[in-house]
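Breakdown of the fold
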Amino acid sequence: MIIDCHGHYTTAPKQLEAWRKAQIAALSNPASGPAKSSLQMSDDEIRESLEKAQLKFQRERGTDVTIFSPRASAMAHHIGDAQTSLVWSQICNELIHRVCSLYPENFIGVCQLPQSPGVPPENCIAELERCVNEFGFVGCNLNPDPSGGHWTSPPLTAKYWYPLYEKMCELEVPAMVHVSSSCNENFHATGAHYINADTTAFMQCIQSDVFKDFPTLKLIIPHGGGAVPFHWGRYRGLAQDMGRPPLTTLMNNIFFDTCVYHLPGIELLLKVVPLDSIMFASEMVGAVKGIDPETGNYYDDTKRYLDALPLTAEQRHKLFEGNALKVYPRLKKQLVRQGAVKTAGTP
Ligand SMILES: [Zn+2]
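Residues numbered from 1 in each chain as written. Predicted model: local features only at pLDDT ≥ 70, side-chain atom pairs only at ≥ 80, totals over all residues. Heavy atoms only, no water.

**With respect to the sheet that holds strand E4 (residues 139-142)**
Strand pairing in a sheet relies on backbone hydrogen bonds. The paired strands run either parallel or antiparallel. Put simply, the test is: Strand pairing is assigned whenever DSSP identifies at least 2 bridges connecting the two strands. Secondary structure elements are defined from DSSP: runs of H or I of at least 4 residues count as helices, runs of E of at least 2 residues count as strands, and each element is numbered from the N terminus.
In space, the eight strands of this open sheet follow the order E1-E2-E3-E4-E5-E6-E7-E8, with parallel pairing throughout. In the strand order of this sheet, the two ends are held by strand E1 (3-9) and strand E8 (278-279), each with one partner. As paired strands, strand E7 (residues 254-257) and E8 are joined by two bridges and run parallel to one another. Considered in E8, the bridge of Phe 256 is made with Ile 278.

Shown next, in the form of structure tokens:
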């Protein structure tokens, strides 16, 4: 089984964006904004939006199931207030639930949280519970910077976030640390803001005891772990100088994905980071859309890079399936229920 642990619904029917535009246009007087029920789209429109993109790529690239969440750059937690964010998150999550209901074998849901700058993350608990308990979602995307590039929240390891972590541990769901669009012109969203956030989150974890307080908390740091693998020696050295545990201890709770978009990057990732802490992912469709003229393949066809390496069967199993089943216990339960994976023998 090949599990892609990082995909967003970037190709949703255009009504979704139109609804969001109407919501934003009414920010000064939310009562005049669109009702949730005014967003209408048919199952056929949803099917069409996936058939021409994500499902086509799944088939062409030979992957089985994608852990699927709302479009990350559109979360835009900095827009409006907590109520704006709540309604928008609900709409996006309900749409993911429809996708997962239409294609239960191809997509498993992960939710957007209704974060808002300056609002304590407790406010996300009800939506997280709804998505996990009612929709069967297996994780959430957690934005370490709801301000969209100005970093006004406490570090991810601060007690500020603990109520959410308590709930995540209780529900057995991990979070992918994932920022959204940038409203700071210094930071290009996918080229700088995303990678900065990945790197920042990792360093915050080195400096803190968050995983002592939450031994079962799991954080996925996407985009290959940002700059961390390339600077692995720097982070090992910093941890040592600061009297912190070795990075390998941290990697029991932190997981990197394979969204680095070139073979040498994947080779480096696998060389320096414990294999048990790496999960296959592509982040298709959308972060980097094009075809690499040097290879003739899509940059985000990340399975090719792993297929090009001399991995053992056990290593491949961990990267494509085993590690994801460990990180997402609810995914494992769901796939076992569907008969897609076996209970025995699966790490
Ligand atoms: Zn993403």
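**Concerning the environment of His 178**
As a reminder of what qualifies: Partly exposed residues are those whose accessible area sits between 20% and 50% of the maximum for their type, while under 20% is buried and over 50% is exposed, using a 1.4 Å probe and protein chains only. A contact between two residues is defined here by any heavy atoms of the two lying within 4.5 Å. Under this definition, polar contacts are N or O atom pairs within 3.5 Å; protein pairs additionally need one hydrogen-donor-capable and one acceptor-capable atom, and for neighbouring residues in sequence, both atoms have to be side-chain atoms.
Turning to its location among the elements, His 178 is positioned in the loop between strand E5 (175-177) and helix H7 (189-206). On the basis of relative accessible area, His 178 is assigned to the buried category, the value being 0%. Separated by 42 residues in sequence, His 178 and Ile 220 have C-alpha atoms that sit 8.9 Å apart. Beyond its immediate chain neighbours, meaning those up to four positions away, His 178 contacts His 6, His 8, Ala 72, Met 75, Asn 141, Leu 142, Asn 143, Pro 144, Tyr 194, Pro 222, His 223 and Glu 283. Side chain to side chain, His 178 and Glu 283 meet in a polar contact 3.3 Å long.

**Some points on the packing of aromatic side chains**
So the rule is basically this: Here is the rule: rings of Phe, Tyr and Trp (six-membered ring for Trp) pair when centre to centre is within 6.5 Å. Planes less than 30 degrees apart are stacked, more than 60 are edge-to-face, and the remainder are tilted. Each ring is checked for a lysine NZ or an arginine CZ that lies within 6 Å of its centre and within 35 degrees of its normal; such an atom marks a charge sitting over the ring.
Evaluated as defined, the whole model comprises 14 aromatic pairs. Aromatic pair Phe 57 and Tyr 298: ring centres 5.3 Å apart, planes at 75 degrees, arrangement edge-to-face. Here Tyr 298 lies in strand E10 (residues 297-298) and Phe 57 lies in helix H3 (residues 54-61), a separation of 241 residues in the sequence. Relative accessible area serves as the criterion here: at 9%, Phe 57 is assigned to the buried category. Residue Tyr 298 is classed as partly exposed on the basis of its relative accessible area of 28%. Both rings, one in Phe 68 and one in Phe 107, keep their centres 4.5 Å apart while their planes meet at 40 degrees; by these two values the pair is tilted. In this pair, Phe 68 is assigned in strand E2 (residues 65-70) and Phe 107 in strand E3 (residues 107-112), connecting sequence segments 39 residues apart. Note on accessibility: Phe 68 and Phe 107 belong to one class, buried. Feature note: the residues Tyr 9, Phe 68, Tyr 103 and Phe 107 constitute an aromatic cluster, connected by ring pairs. The ring of Phe 57 has Arg 61 sitting right over it, with the charged end atom 4.3 Å from the ring centre.

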